[in-house]
Structures are given as C-alpha cells and as structure tokens.
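Breakdown of the fold
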Amino acid sequence: MKKTYIYILTCLLGLFVIASCDDNVDDVAEITGQDSTEEAIVDDETLEYALNGMYDALNDQTAFGQYVFVIGDLLSDNAFLSLDNTNRFTTTDDWSWNATSGDYVSVWEQLYDVVAQANIVIEYSDKIEVEDQDVVDDLVGQAYVGRAFAFYYLAVYFAQNPNSGIEEDLGIVLSTVYDANTDQGRSTVSETWDQIESDLLDGIDLLDGNGENTKLGTTAANILLSRVYLALGEYANSVTYADAALSSSTYSLVDATDYVASWIDESSSESVFQLSYTSGDNLTLSGLASIYDDQGYGDVLFRENLYNSFSDDDVRKNLLSITDRTIDDPMGYWTSKFPYEAGELSVGELDIRLIRMSEAWLNKIEAEYHIDEATALTDLNSFAATRHTVTYASSGSDLLDDILTERQWEFYGEGMRFNDLKRNEMDIEEGTNYISVGTVSYPNDLFVFPIPQDEIDDNTVLTDDDQNPGY
C-alpha cells in the first residue's frame, strides 16, 4: 500500500483531477495554489475537495464502477462469462486466480485507495482552520463510513468469515493513518471487524443526517451497520440499525408498479447511496453497464436457472432479457439494471446504486430469522408483496432458503450473492455454464482471495507466511 499513498500524495500535489463532485475539474493543490498536502488542505472547502477524492476512488472501474459487482455475481449461482467474451474476468469465471491475477490485485489496490483518501480527510480535519464545525464533522463522518465500506469489502474478499474459527489470525491490513512510510502487517479477523464497526459508529455520530444520495449519509451508514452486525451474528443489533434506516423519512421502497422505471430514475426514493457519474466520469466500455448489456461487451450473463426461478409476475424478472448468443448452452440473460444515460453507451451511464432501502428490509428479515421465525415470515411476506404476489408459509431451514432466495432475486447484478452464500457458510453450486468448477463446497480456500504478491513483496512487515492458504 506504500505505492497507493505515494500515488494519493501525487494526486493532491496537482497531477490528479478530482471527478464526480461539484468541482470536478480542479484538484486540491490547483485550487489553493500550494505544493504540499499541509498547505493544500487548509479549511472546510479544501477538506471537502479531499473527500471528493474518496468518492472518485469508489467510482473507479476496479472498485464499484465494475469489478466488485461483477466478481460478487460471477462467483455464485447468478452469473457466468459468455463463451463469446472479450477475455475479461476469465480467471474469476473458472476459479483459477492466483496472487498476481489482475482482477484481485486491482480490487485490493483500489479499495485501499479509498481508505487512503478517507484517512487524509480524517487526519487533516484536526489541522485545518474550521469555519463551520458541523460541516467538518459531517465530512469526517462520511470519511469514516467510506473507510468502513472499503474495509468491509476487503474483509469479505480477502479474509475468512468472522467467528468462523478458520484462519482467525489472517484479517486485512488496517491502515488507519495517512503515512506513506509505514508498513503494517495483517490484523486478526476479529480486529478487522471491530474496526469496521467502530468506523461506522463514529461516522453515525458525526454525520448530519441525509444529504444528496451521492454522498454517504446516516441512513446509508445504518444499513451498512445492519449488514456488519448480520455478518457478526449480532442479530438484535442488525435489526436495530435496519429499523433505524427504515424509519428514515427521506427514503422508501418503490412498489411493483414503479420498480422497473425506478432504475432509470436517479432520484428514486429507494436509492440511499449511489455513485455519481458526470460526463467527465464516463466509463463507456469500461463501465458496469457495458459488461452486463448488449450495447457494450455484454460478457457477463445471468443464468437460465435464475431467470426461471422468478414467478411470472415478479417485476424484477422484467429487467432480464435473453441474449442472442447461441454459443452458450443454455443461453444467458442480459440485465438492464444499470442503464446508459439517454439509452446510449456513448453518453455514459446513469448513477450506480450501492445501497438501497430494500437491503434494510432484507437484512432485518434475515436477522429476525435467527431471533423469531414468525416475525421474519411476516416481514418477508410484507417485503415480497412489493415485488410479486407469491406468499410464503415456510419455517426452519426452508424459511432461511426463502429469505436468501428473495435476496438473490433482489440483488442480482449488484455483487451481493457471493457474500450471502459465504456469510451463511453455504456451498456455491453454479449448476450450468461453468468451465471447470461447478461446485465449491464451504469451507474452501477459494472463498478467500490471495493477498497480491506485490503487496507481500513490497511490505516490509509481510512475508510469504502471511499469504492466505492455497496460494
């Protein structure tokens, strides 16, 4: 990560353009006319410019602009790589990655880029001339939540589940200080999740409610914290923070009638946090829409089994359309969940949603299953009624399966399925359209990705013994 910090420092000194923000053609040093970080970040305004760098890092193709979502769906029973592809995500699709594979090296480096940007804001908030403490607190709160968001995905991808009893000493590198000259070793899994929880709680304390949904607000933080407590098995806490999100007067579920149209509505009441893409951010063929849609590469397709599992009146089924690629047997489906601006690839893609109100509902329902099945069933049927007319009457493990299937239907294409299966210690059974691996049984080394070899080689604290097993 030393290279990441050097890169970020260079950005702040004038070589990097901050995008996806109100001042998307200027960087901190250019605005201030200074040539050092200490001189560049001096007040509320320049601190916000630094925070915009965190959002820009989230937007990148190798983070949530494409890779994180695609990996979470390819490594599941949701999606597969068409045989008619452009040689992207091939090692992911056939489970053949190693410690130098580009997909995972890129995700690691980009998520730590997010962390580095957040650390700059947190550290320099104590060094600036504060004009409005409430404004500064909100900016720092966003940075804490953004850092937790990055740490969360690093933990899901590069470490074992919390409380699994497997490789508990191999958590992630918890970089919480902006320092290009200090190497750190891996934390434990427990320390990793303690840090994620702490960052979210600190963020919630500092945030000033909800602003634009292109910024991390209180409702987004509550949903993330409910997700974290679900992973930790702290189910009552998960319900508490899901309820806090659901009590928001800013956001709400859309009903079945408006569901499909809501995906082209950047002001949808259901979108709690989304990545803002301006004309300057246009990823075109490098974006998420391109990999899922026939206007672009359309490499990643959704399985026939997934499509057939929906009831005919489930509105989410309407966002899937069969491809014309007969080379795939059975043929797959494209999704229009991530449309282009004005329907044209050349114009750019609409904002990408990272956190939606439906997650608050489904986090709560899954947590309730572990507390009181009757309550979980009632809430499952209440949520399902916003998407289809099927009524559930299950119990025991069948109820959990129904809850996870409802999550699968709700979040396909959004990178959640791998995490849902891993969290519940379930096997991944692809069923069809796989190259060499059709089933990955839990536990398995393949549920954890390798630490990039460059990280081990460049980090003076890490050795080959710190690599995840199997690599």
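Residues numbered from 1 in each chain as written. Predicted model: local features only at pLDDT ≥ 70, side-chain atom pairs only at ≥ 80, totals over all residues. Heavy atoms only, no water.

**Some points on the pattern of salt bridges**
A full pass over the atoms with the stated rule returns 20 salt bridges. Here Glu366 makes a salt bridge to Arg423, at a shortest N to O gap of 2.7 Å. With Glu366 in helix H15 (residues 357–369) and Arg423 in helix H18 (residues 417–423), this residue pair connects regions lying 57 residues apart in the sequence. Beyond isolated ion pairs, a larger network of salt bridges with shared partners links Glu270, Asp314, Arg316, Lys337, Arg356, Arg387, Glu406, Glu410 and Glu414. (Salt bridge = Lys/Arg side-chain N within 4 Å of Asp/Glu carboxyl O. Helix = DSSP H or I, 4+ residues; strand = E, 2+ residues; numbered from the N terminus.)

**Looking at the nonpolar core**
Ranked by size, the top nonpolar core spans 129 residues in total, and within it Phe64 and Phe273 carry the most contacts. If you tally residues by element for this core, the top one is helix H8 (residues 133–158), at 17 residues. Those residues in contact with Phe273, other than ones at most four positions away along the chain, are Tyr55, Leu58, Phe149, Asn213, Thr214, Lys215, Leu216, Ala220, Ile352, Arg353, Leu354 and Ile355. (Core = buried A, V, L, I, M, F, W, Y, C linked by side-chain atoms within 4.5 Å. Buried < 20%, exposed > 50% of the residue type's maximum accessible area, 1.4 Å probe, protein only. Contact = heavy atoms within 4.5 Å.)

**Comments concerning the packing of aromatic side chains**
Here the structure, examined in full by the defined rule, presents 32 aromatic pairs. Seen in terms of ring centroids, Tyr152 and Trp193 are 5.7 Å apart; in terms of plane orientation they differ by 90°. Their pairing is edge-to-face. You can see Tyr152 sitting in helix H8 and its partner Trp193 sitting in helix H9 (residues 189–206), a full 41 residues away along the chain. Relative accessible area serves as the criterion here: at 4%, Trp193 is assigned to the buried category. Ring geometry for Tyr153 and Tyr157: centres 6.3 Å apart, planes at 65°, overall edge-to-face. Taken together, the positions of Tyr153 and Tyr157, both in helix H8 and four residues apart, correspond to about one turn of that helix. Each of the two residues, Tyr153 as well as Tyr157, counts as buried. Here the guanidinium or amino end of Lys127 rests over the ring plane of Tyr124, the centre of that ring lying 4.6 Å away. Across from the ring centre of Trp263, 5.0 Å away, lies the NZ or CZ of Arg353, which sits over that ring. (Phe/Tyr/Trp six-rings, centres within 6.5 Å; stacked < 30°, edge-to-face > 60°. Lys NZ or Arg CZ within 6 Å of the ring centre and 35° of its normal.)

**Here's the deal with unusual backbone geometry**
Put simply, Asp329 and Pro330 share a cis peptide bond, and its omega is 0°. Along the chain, the position of Pro330 falls in the loop between strand S4 (320–322) and strand S5 (333–335). Cis geometry is adopted by the peptide bond preceding Pro443, which originates at Tyr442 and carries an omega value of 0°. Inspection of the secondary structure puts Pro443 in the loop between strand S8 (439–440) and helix H19 (453–458). One non-glycine residue with positive phi stands out, namely Asn87, at about 70°.

**So, the packing of helix H16 (residues 373–384) against helix H17 (residues 396–411)**
Relative orientation of the contacting elements H16 and H17 amounts to 30°, with a least axis distance of 11 Å. In this view, H16 runs roughly parallel relative to H17, as classed from their interaxial angle. The way H16 lies across H17 gives a crossing that is left-handed. In this structure, H16 uses Glu373, Ala376, Leu377, Leu380, Phe383 and Ala384 to contact H17, whose residues at the interface are Gly396, Leu399, Asp402, Ile403, Glu406 and Glu410. Of the residues contributing to the contact of H16 with H17, the split by class is seven nonpolar, one polar and four charged. (Axes fitted to C-alpha atoms, helices over the stretch in contact; angles between N-to-C directions. Parallel < 35°, antiparallel > 145°, perpendicular 65-115°, else oblique. Left-handed = near helix turned anticlockwise from the far one by under 90°. Nonpolar A, V, L, I, M, F, W, Y, C, P; charged D, E, K, R; others polar.)

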